[in-house]
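A look at the structure
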Amino acid sequence: MPTYEYHCASCGKSFEKIHAMSENPDVICPECGAKALRQISGGAGIIMKGGNTQGSCCGIDSPCSDPKRCCEK
Ligand SMILES: [Zn+2]
């Protein structure tokens, strides 16, 4: 099964979770217990079409953990 990277917007922790591609589980941050958001890995080639992705931003074809900060550069 593929490994997905999750990022907690609450405390900023990033961690990996393994689950099936078809699954979209609620992943809880191990640090603070908040719900974490899945990062789109640039290497995996997994692209969610038609929705807001956490992956690329500002035309940069790589994941960024903080789109706002990324876009301000
Ligand atoms: Zn957290």
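What you see is a predicted model, and the numbers here were worked out from it, not measured in a lab.

**What to know about the overall build of the protein**
Of regular secondary structure, the protein possesses one helix and four strands. Listed by position from the N terminus, the elements making up the protein come as β-β-β-β-α. Burial analysis of the protein (73 residues in total) assigns 23% to the buried set. Contacts spanning at least 24 positions in sequence make up 20% of the contacts within the protein whose residues lie at least 6 apart. Just so you have it, the protein exposes about 5200 Å², and 48% of that area is on carbon and sulfur atoms.

**What to know about the pattern of salt bridges**
The full count for this structure, using the stated rule, is two salt bridges. Residue Glu-31 is joined to Lys-13 by a salt bridge in which the shortest nitrogen-to-oxygen separation is 3.8 Å. Here Lys-13 lies in the loop between β1 (3-7) and β2 (14-18) and Glu-31 lies in the loop between β3 (27-28) and β4 (35-39), a separation of 18 residues in the sequence. According to the relative accessible area criterion, Glu-31 is exposed, its value standing at 56%. With a relative accessible area of 26%, Lys-13 lands in the partly exposed category. In this structure, Lys-35 and Asp-26 form a salt bridge, with 3.1 Å as the shortest nitrogen-oxygen distance.

**Focus: the pairing of β1**
With five bridges connecting them, β1 and β2 associate as antiparallel partners. For Glu-5, the partnering residue across the bridge sits in β2 and is Glu-16. Hairpin connection from β1 to β2: six residues lie between these consecutive antiparallel strands, with Gly-12 at a positive phi of about 85°.

**Re the coordination of the zinc ion**
Looking at the metal site, the zinc ion is ligated by Cys-8 (SG), Cys-11 (SG), Cys-29 (SG) and Cys-32 (SG), spaced 2.3 Å from it. One can describe the donor arrangement at the zinc ion as tetrahedral, given that its four donor atoms subtend angles of 104 to 118° at the metal. On the primary sequence, the residues serving as donors to the zinc ion are separated as C-x2-C-x17-C-x2-C. In this pair, Cys-11 is assigned in the loop between β1 and β2 and Cys-32 in the loop between β3 and β4, connecting sequence segments 21 residues apart. Judged by relative accessible area, which is 40%, Cys-11 ranks as partly exposed.

What counts as what
Residues numbered from 1 in each chain as written. Predicted model: local features only at pLDDT ≥ 70, side-chain atom pairs only at ≥ 80, totals over all residues. Heavy atoms only, no water. Helix = DSSP H or I, 4+ residues; strand = E, 2+ residues; numbered from the N terminus. Buried < 20%, exposed > 50% of the residue type's maximum accessible area, 1.4 Å probe, protein only. Contact = heavy atoms within 4.5 Å. Areas by Shrake-Rupley, 256 points an atom, 1.4 Å probe, with all protein chains shown as cover. Salt bridge = Lys/Arg side-chain N within 4 Å of Asp/Glu carboxyl O. Pairing = 2+ DSSP bridges. Donors = N, O, S within 2.8 Å, 3.2 Å for Na, K, Ca; no water. Tetrahedral: all angles 85-135°; square planar, octahedral: opposite > 155°, others 65-115°.

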